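Observations on the model geometry
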Amino acid sequence: MVDPRVYEVMSKPIVSHLDPFLFEVMAEISAWLKPVFGTANEFTLAVSGTGTAGMEAAVSNFVEPGSKFAVFTNGYFCDRIAEMGRRHGANTVELKAEWGNVYDPDQARDFIKREKPNVVAFVHAETSTGAFNDPGPICEAAREVGAFVIADCVTSLGTMPINLDAVGIDCAYSGTQKGLGAPPGLSPITVSPKAMEWIKNRKSVNPSWYFDFNLLSGYFGTTRRYHHTAPITMFYALREALALLHDEGLEPRLERHRRNQRAFVAGAEAMGLKMRVAAPHRLMALNTPEVPEGIDDLKARKHMLNNYNIEISGGLGSLLGKVFRIGVMGVSSTKENVLLVLETLEEALREQGYKAPASGKAAAEKTYA
Ligand SMILES: *Cc1c(COP(=O)(O)O)cnc(C)c1O
């Protein structure tokens, strides 16, 4: 959901893409994004386009034809990163793990040391499976072989700690419509000074003109040269979403997500649902309870949508029909929503003859008490 304050700023007058006021808005966006990413990177801005635009921007700037690109693939979105690497002509190698599982840290380290890639990419919070990938071992091994690290933080930004600089991620991107609670349309992105220096001097020209960080620097940097017409309204929206985050405080916001996630899981488990992802590797914004035996997940989801106007998602790829994907993120991460989703999900399952051993709503309520 989108906060009313964000909707409101989206009706404000449009200025030009070179108006000093817009550059003030952009500067505030950059300043407020940094603590959320956990970085001091000067190159911290929002590229035009959705989360996938950030992904393509990252891949196109870091990957050159023939360079070695190592991708950790255990879900839908990391498969997309690997496919982009191939399209940009990289020698793309993958370490696969089953969807819903995470990597063994030793395997992750061995993979990087064996392949000696130029660039490594992984998905921090894999929205397709609900699994969190620990950047620690990946960044550590990448540093040893001198590889740059790209992290997809689309669902983790504003819902989980990122600590980009501390952990050693060179580039991270996100989207406006997940944890930040704005409409889709911009992709916050940040790049380390060391990586920017490399990009400035890279031998081959980035085949993507629109996402070339060297050209984007001219627009967002001090020269303020026209590059493209920024979607002004979306910059207002992102600024307001970040102002909301700033007002709440990052730590209280992350704690709110933790509390509501804990309550959701307690409720789902009380209802007899098994969580697909093991407890230490779960996301705080996206839950994947398994669909019980004999239940048609689409029918259950339709019941919630048609009767209560609540949309939850189904599984993707190898998890199709096997899990529900229930987002509790951004503005939507509230106690009221958690209880309402549990209550209506229980009803949707009961419609199909499912007997919950206990009330999910009651179990969740207990965690708040
Ligand atoms: C949603 C998502 C994307 C893609 O973002 P779009 O806004 O749909 O382009 C990429 N990675 C992850 C982890 C996501 O959740």
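Throughout what follows, the structure given in this document is the object of discussion. Since the model is a prediction, treat every value here as computed from it, not as a measurement.

There is about 850 Å³ of room inside the largest pocket. As for the largest pocket, its lining consists of 27 residues, and the residues nearest its centre are Met 1, Glu 311, Gly 327, Met 329 and Ser 332. Counting residues per element, the lining of the largest pocket draws most heavily on helix 13 (residues 335–350), which supplies four residues. Each of domain 1 (4–248) and domain 2 (250–368) contributes no fewer than three residues to the lining of the largest pocket. Taken as a whole, the second largest pocket holds about 660 Å³ of empty space. Taken together, 25 residues form the lining of the second largest pocket, with Glu 42, Phe 43, Ser 217, Phe 220 and Gly 221 sitting closest to its centre.

Here the focus is the environment of Val 9. Considering the arrangement of structural elements, one finds Val 9 in helix 1 (residues 4–9). Look at Val 9 and you get buried, because its relative accessible area is 14%. C-alpha separation for the pair Val 9 and Arg 225, spaced 216 residues apart in sequence, amounts to 26 Å.

Reading across from one edge, 10-12-11 is the order of the three strands in this open sheet, with antiparallel pairing throughout. The strands lining the two open edges of the sheet, one partner per strand, are strand 10 (286–287) and strand 11 (313–314). Taken together, the two bridges between strand 11 and strand 12 (residues 324–327) define a ladder with antiparallel strand orientation. Within the sheet, the bridge partner assigned to Gly 314 lies in strand 12 and is Phe 324.

Taken in spatial order, the seven strands of this open sheet run 1-9-8-7-4-2-3, and their pairing is mixed. Here the strands that pair on one side only, and so sit at the sheet edges, are strand 1 (43–48) and strand 3 (91–96). Taken over all neighbouring pairs, the strand axes of this sheet differ in orientation by 20 degrees on average, direction set aside. The pairing of strand 8 (residues 171–173) with strand 9 (residues 186–191) spans three bridges and is classified as antiparallel.

The next subject is the packing of aromatic side chains. For any pair of aromatic rings, the description rests on two quantities: the centre-to-centre distance and the angle between the ring planes. The full count for this structure, using the stated rule, is 11 aromatic pairs. A centroid spacing of 4.8 Å and a plane angle of 75 degrees characterise the contact between Phe 72 and Tyr 103, whose relative ring orientation is edge-to-face. Of this pair, Phe 72 sits in strand 2 (residues 68–73) while Tyr 103 is found in the loop between strand 3 and helix 5 (105–115), placing the two residues 31 residues apart along the sequence. By relative accessible area, which is 0% here, Phe 72 ends up buried.

Empty space left among the atoms is revealed by rolling a probe the size of a water molecule over them. Evaluated as defined, the whole model comprises one cavity of 30 Å³ or more. Approximately 30 Å³ is the volume attributed to the largest cavity. Gly 130, Gln 261, Met 275, Val 277, Arg 282, Leu 283, Leu 286, Asn 287 and Thr 288 are the residues that line the largest cavity. Split by residue class, the lining of the largest cavity holds four nonpolar, four polar and one charged.

Take unusual backbone geometry next. The backbone of Lys 116 shows a phi angle near 45 degrees, a positive value even though the residue is not glycine. Here Lys 116 is to be found in the loop between helix 5 and strand 4 (119–123). Look at Arg 224: it is not a glycine, yet its phi comes out positive at around 50 degrees. In this structure Arg 224 comes out as partly exposed when scored by relative accessible area, which is 42%.

Okay, the site of the ligand next. Inspection of the region around the ligand gives 14 residues, with Thr 50, Thr 52, Thr 127, Asp 152 and Lys 178 positioned closest. For the ligand, an oxygen atom lies 2.6 Å from a polar atom in the side chain of Thr 50. Between Gly 51 and the ligand, the recorded distance is 3.0 Å, taken from a backbone N or O atom to an oxygen atom. If the ligand stood free it would expose 380 Å²; the protein chains cover 90% of that surface. Here the residues of the shell around the ligand are counted per class, giving five nonpolar, six polar and three charged.

Here we take up the pattern of salt bridges. Applying the stated criterion across every chain yields a total of 25 salt bridges. A salt bridge links Lys 96 to Glu 94, with the shortest nitrogen-to-oxygen separation between them at 3.2 Å. By relative accessible area, Lys 96 is classed as exposed at 62%. According to the relative accessible area criterion, Glu 94 is partly exposed, its value standing at 25%. Close ionic contact of Arg 258 with Glu 251 constitutes a salt bridge, the shortest N to O distance being 3.4 Å. Overall, the relative accessible area of 24% leaves Arg 258 in the partly exposed class.

With that settled, consider the side chain of Glu 240. By the secondary structure assignment, Glu 240 is in helix 10 (residues 232–248). In contact with Glu 240, not counting residues within four places along its chain, are Arg 5, Val 6 and Val 9.

Rules and cut-offs
- Residues numbered from 1 in each chain as written.
- Predicted model: local features only at pLDDT ≥ 70, side-chain atom pairs only at ≥ 80, totals over all residues.
- Heavy atoms only, no water.
- 1 Å grid on protein atoms, 1.4 Å probe; cavity = no way out; pocket = protein on both sides within 12 Å on 5 of 7 lines; lining within 4 Å.
- Points joined across faces, edges and corners; volume = space filled by probe spheres on them.
- Helix = DSSP H or I, 4+ residues; strand = E, 2+ residues; numbered from the N terminus.
- Domains from an automatic or database assignment.
- Buried < 20%, exposed > 50% of the residue type's maximum accessible area, 1.4 Å probe, protein only.
- Pairing = 2+ DSSP bridges.
- Axes fitted to C-alpha atoms, helices over the stretch in contact; angles between N-to-C directions.
- Phe/Tyr/Trp six-rings, centres within 6.5 Å; stacked < 30°, edge-to-face > 60°.
- Nonpolar A, V, L, I, M, F, W, Y, C, P; charged D, E, K, R; others polar.
- Near = heavy atom within 4 Å.
- Polar contact = N/O pair within 3.5 Å; in protein donor to acceptor, adjacent residues only side chain to side chain.
- Areas by Shrake-Rupley, 256 points an atom, 1.4 Å probe, with all protein chains shown as cover.
- Salt bridge = Lys/Arg side-chain N within 4 Å of Asp/Glu carboxyl O.
- Contact = heavy atoms within 4.5 Å.

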